[in-house]
Amino acid sequence: MPENSDIVKVFYEIADLLDLLGETFKPRAYRRAARSIEALSEDLADIATRSELEDIPGVGKAISQKIQEFLKTGKVRALEELRAKVPSGLVELLRIPDIGPKTVQKLHEKLGVSTIEQLREALEEHRVRDLPGFGERSEESIRRNLELYIKQQQRSPINTVYHLAQKLLNVLGGLSGVEKIEVAGSLRRWRETVGDLDILIASEKSEPIMSAFTQLPDVKQILAHGPTKSSIIIRDGMQVDLRVVKPENFGAALQYFTGSKAHNIALRRIAQKRKWKLSEYSLSDKRDGRIIAQRTEEEIYEALGMPWVPPELREDTGEIEAALENQLPKLVELSDIRGDLHVHTKWSDGRDTVESMAQAAIERGYEYIAISDHSKRIKIAKGLAETKLREQIEAIQKIDEELSDIRILSGVEVEILSDGSLDFSDDVLAETDVVTASIHYDTRGSEEEMTERLVSAMKNKYVDILAHPTGRLVGERPPYSVNLDKLMETAKHYHVFLEINSHRLDLPDVEARRAKDRGLKLVVNSDAHWANGFEIIKFGLAVARRAWLEATDVINTLPFSKLHRILKHVHIN
Ligand SMILES: [Zn+2]
Ligand SMILES: [Zn+2]
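Counting restarts for each chain: residues are numbered from 1 in the order of the written sequence. Lettering of chains starts at A and numbering of ligands starts at 1, both following the order in which they are written. This being a predicted model, a pLDDT of at least 70 is required before a residue's local features are given, and a value of 80 or more before pairs of side-chain atoms are given or counted; all residues contribute to the totals for chains, interfaces and linings. Side-chain measures here rest on the full set of heavy atoms in the structure, leaving out hydrogens and waters.

1. Regarding the coordination of the zinc ion (ligand 2)
No. 1: Donor atoms: N, O and S within 2.8 Å of the metal, or within 3.2 Å for Na, K and Ca. Because water is excluded, sites can look incomplete. Protein-derived coordination of the zinc ion (ligand 2) comes from His342 (NE2), His344 (NE2), Glu413 (OE) and Asp527 (OD), at a distance range of 2.0 to 2.3 Å.
No. 2: Think of it this way: with four donors and all angles in the 85 to 135 degree range, the site is tetrahedral; with four or six donors, opposite ones beyond 155 degrees and the rest between 65 and 115, it is square planar or octahedral; otherwise it is irregular. Here the zinc ion (ligand 2) binds 4 donor atoms, and the angle range of 79 to 161 degrees at the metal identifies the geometry as irregular.
No. 3: Read from N- to C-terminus, the donor residues coordinating the zinc ion (ligand 2) fall into the pattern H-x1-H-x68-E-x113-D.
No. 4: If you look at the zinc ion (ligand 2) and the zinc ion (ligand 1), they sit 3.2 Å from each other and are both ligated by Glu413. Of this pair, Glu413 sits in strand β13 (residues 407-415) while Asp527 sits in the loop between β17 (522-525) and α23 (537-546), and the two are 114 residues apart along the sequence. Helix numbering and strand numbering both begin at the N terminus, where a helix is a DSSP run of H or I of at least 4 residues and a strand a DSSP run of E of at least 2.

2. A look at unusual backbone geometry
No. 1: A cis amide bond links Gly259 to the next residue, Ser260, at an omega of -5 degrees.
No. 2: By the element assignment, Ser260 lies in the loop between α13 (250-258) and α14 (261-273).
No. 3: Even without a glycine there, the phi angle at Leu505 is positive, about 50 degrees.
No. 4: Topologically, Leu505 is positioned in the loop between β16 (497-501) and α22 (509-517).
No. 5: For Leu505, a relative accessible area of 2% gives the class buried. Relative accessibility decides the category of a residue: with a 1.4 Å probe and only protein chains considered, values under 20% of the type maximum give buried, values over 50% give exposed, and everything between is partly exposed.

3. Here we look at the coordination of the zinc ion (ligand 1)
No. 1: Ligation of the zinc ion (ligand 1) by protein atoms is provided by Glu413 (OE), His440 (NE2) and His468 (NE2), these donors lying 2.0 to 2.2 Å from the ion.
No. 2: Within one chain, the residues donating to the zinc ion (ligand 1) are spaced in sequence as E-x26-H-x27-H.
No. 3: Of the residues examined, His440 reaches a relative accessible area of 26% and is grouped as partly exposed.

4. Here we look at the domain arrangement of the chain
No. 1: Boundaries between domains were set according to an automatic or database domain assignment. Here the chain is partitioned into domain 1 (4-153), domain 2 (156-245), domain 3 (256-324) and domain 4 (334-566).
No. 2: With centres defined by C-alpha atoms, the gap from domain 1 to domain 2 works out at 24 Å.
No. 3: Residues are treated as being in contact if the distance between any of their heavy atoms lies within 4.5 Å. Between domain 1 and domain 2, the residue contacts involve 6 residues of the former and 8 residues of the latter.
No. 4: Summed over both partners, buried area is the accessible surface (1.4 Å probe) that two parts give up on being assembled. Between domain 1 and domain 2 the total buried area reaches about 650 Å² when both faces are included, carbon and sulfur atoms providing 52% of it.
No. 5: If you sort the residues of domain 1 by the area they bury against domain 2, Leu148, Lys151 and Gln152 come out on top, with a joint share of 61%.
No. 6: Note on definitions: salt bridges are taken to be side-chain nitrogens of Lys or Arg within 4 Å of carboxyl oxygens of Asp or Glu. For the interface between domain 1 and domain 2, the tally reads 0 salt bridges.
No. 7: In protein, a polar contact means a hydrogen-donor-capable atom and an acceptor-capable atom, both N or O and within 3.5 Å, with residues adjacent in sequence counting only if both atoms are side-chain atoms; elsewhere, any N or O pair within 3.5 Å suffices. Linking domain 1 with domain 2 are 0 residue pairs in polar contact (both at pLDDT 80 or more), by the criterion used here.
No. 8: Think of it as three bins: nonpolar holds Ala, Val, Leu, Ile, Met, Phe, Trp, Tyr, Cys and Pro, charged holds Asp, Glu, Lys and Arg, and polar takes everything else, Gly as well. Partitioned by chemical class, the residues of the side of domain 1 that touches domain 2 number 3 nonpolar, 1 polar and 2 charged.

5. A few points about helix α12 (residues 207-214)
Because an α-helix completes one turn every 3.6 residues, residues spaced three or four positions apart along the sequence face the same direction.
No. 1: Among all positions of α12, only Ile209, Met210, Phe213 and Thr214 are buried. Buried residues along α12 cover an arc of 125 degrees about the axis, so they all sit on one side.
No. 2: Residues of α12 that are buried make contact with α10 (158-173), β4 (197-202), β5 (219-225), β6 (229-234) and β7 (239-245). The reported arc concerns the directions from the helix axis to the C-beta atoms and nothing else.

6. A look at the sheet that holds β6
No. 1: Following DSSP output, two strands are said to pair if at least two bridges run between them. Reading across the sheet, the 5 strands line up as β2-β4-β7-β6-β5 and stay open at both edges, with mixed pairing between neighbours. Of all the strands in the sheet, just β2 (180-183) and β5 have a single pairing partner and so form its edges. Put simply, the sheet's adjacent strands are angled 20 degrees from each other on average, direction ignored.
No. 2: Packing against the sheet, α12 makes contact with β4, β5, β6 and β7, and its axis sits at approximately 170 degrees to β7.
No. 3: Along the sheet face, α13 touches β2, β4 and β7 and points at about 175 degrees away from the line of β4. Structural elements are reduced to axes, namely lines fitted to C-alpha atoms, with helices fitted over the stretch in contact, and the angle between N-to-C directions of any two is expressed from 0 to 180 degrees.

7. Re the sheet that holds strand β9 (residues 283-285)
No. 1: Taken together, the 3 strands give an open sheet; going across it, the order is β8-β9-β10, and neighbouring strands pair in antiparallel fashion. Strands with a single pairing partner mark the edges of an open sheet, and in this sheet they are β8 (276-278) and β10 (291-293). When strand polarity is set aside, the average angle formed by the axes of neighbouring strands in this sheet is 30 degrees.
No. 2: Relative to β9, β8 is paired through 3 bridges, and the arrangement is antiparallel. By the bridge assignment, Lys277 is partnered in β9 with Ser284.
No. 3: Those strands touched by α14 are β8 and β9, and its axis lies near 160 degrees from that of β8.

Next up, the structure:
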């Protein structure tokens with residue numbers, strides 16, 4: 001069944017194509033119709049059955065016919081014809097901020113530019129400035145806008161989007177008339193990267209909220225400004241969509257806009273079996289239009305015969321089946337975490353002392369931390385030589401004795417050298433309490449080489465944890481090639497715990513889930529390099545939750561009295 005949003009997309013595309021063909025009035029008519037349809041709370045199909053399409057503002061005979069054609073065939077012939085007339089890349093060029101149809105036409109006709117890539121080349125070769133009416137300044141402005149556009153197409157790592165979202169929630173949440181505010185979309189599902197940022201507000205009056213939103217100081221461009229939905233691009237290129245809904249529809253809207261698409265399709269199927277309809281407005285009975293649930297997500301899930309599903313699980317990877325059988329996992333929570341086993345200090349590349357890291361951990365209510373500074377091979381991170389490490393072990397012991405609120409373990413993040421041996425001898429490793437092994441250099445080996453290197457390190461009898469096993473730094477550095485199955489098998493056999501590193505987010509949630517399914521336990525660490533750095537554990541925890549992990553799957557939820565028994569060589573004092 002086509003949705004209203006599908007026809008909205010068709011009409012916007014028709015408008016863009018007509019723009020490019022130099023039409024002046026028709027594009028406006030299509031956009032007006034598209035906006036009215038966006039604001040509808042009813043399916044076009046239902047309106048069409050009552051022959052009331054032309055009652056929709058902006059929908060005349062011609063447009064109404066196209067809606068009917070689309071409902072019947074899933075296509076609109078006029079659109080296909082327009083597409084045949086205009087090179088397909090030109091519509092995308094229109095999405096670049098401040099570039100209108102006339103500019104696109106000129107770039108196309110005079111410079112043969114019909115794709116983003118070709119525009120980039122033309123700019124690099126300074127061919128744009130020579131066009132009549134352009135010049136150096138407009139070339140520069142097109143270049144900047146193109147960069148912004150390209151950035152906006154990329155997904156951003158969750159940690160940057162998260163902080164932006166918090167700021168926006170604070171500002172928008174303080175506006176008068178806002179009854180509820182939440183993020184939706186992939187940020188609410190805590191995906192490791194986020195495309196657009198979706199915010200949802202419940203309010204009786206949307207206009208003042210929308211005006212405030214489009215006038216935020218960071219707005220770079222306004223993509224849309226409507227009564228129910230507005231979209232902006234903010235300074236760093238991120239698109240933010242705000243929807244304002246009536247308080248009674250908030251639960252249905254939150255459910256709908258949180259996604260994922262696959263999860264929502266599966267839920268709608270369950271609704272359909274009962275002759276119900278689940279939309280962004282409500283769960284209702286198709287036969288008489290009776291509202292079954294709409295105000296909260298909990299009511300909606302309950303009406304569909306299942307408990308509320310945590311957003312992190314909403315990917316249609318078994319969560320609906322589990323929910324229907326009341327078998328959802330009890331996901332690990334921040335309050336379950338009792339310590340952090342990957343912490344850096346001034347001794348290597350950290351910014352704070354052992355004392356201040358310990359103090360910050362105490363303030364978080366942690367029972368233990370392991371100081372794990374780099375080993376000597378990593379000079380760039382001021383890795384410790386043996387003598388320095390021994391000095392540090394002594395220093396930590398003293399501080400540990402002074403502080404009664406926390407156990408401070410001496411550990412090390414020991415480098416796995418190119419041949420798979422470790423940067424410290426076993427004698428030195430034996431003096432520490434926890435050994436975390438990892439790779440930071442020479443990461444270009446083949447999958448076999450990298451896997452063999454990691455595996456041989458994991459076989460060392462002192463290694464407890466394999467840190468950031470894939471080496472990825474989300475959004476910045478790709479993973480090295482490695483056979484994770486082999487690592488998991490080795491981890492199981494040699495009692496090594498794979499790390500979910502909250503800074504790098506290098507272990508994908510699906511892999512962490514496979515590790516759990518293979519019976520492995522994991523550790524969620526911050527890799528904090530300063531006292532405020534502990535808080536990023538929420539991002540690692542999100543990976544754990546998306547991987548269906550419960551507290552029992554994560555070793556740093558254990559009290560110290562149990563933890564020390566599963567680590568290989570903790571010195572108990
Ligand atoms: Zn590291
Ligand atoms: Zn580290």
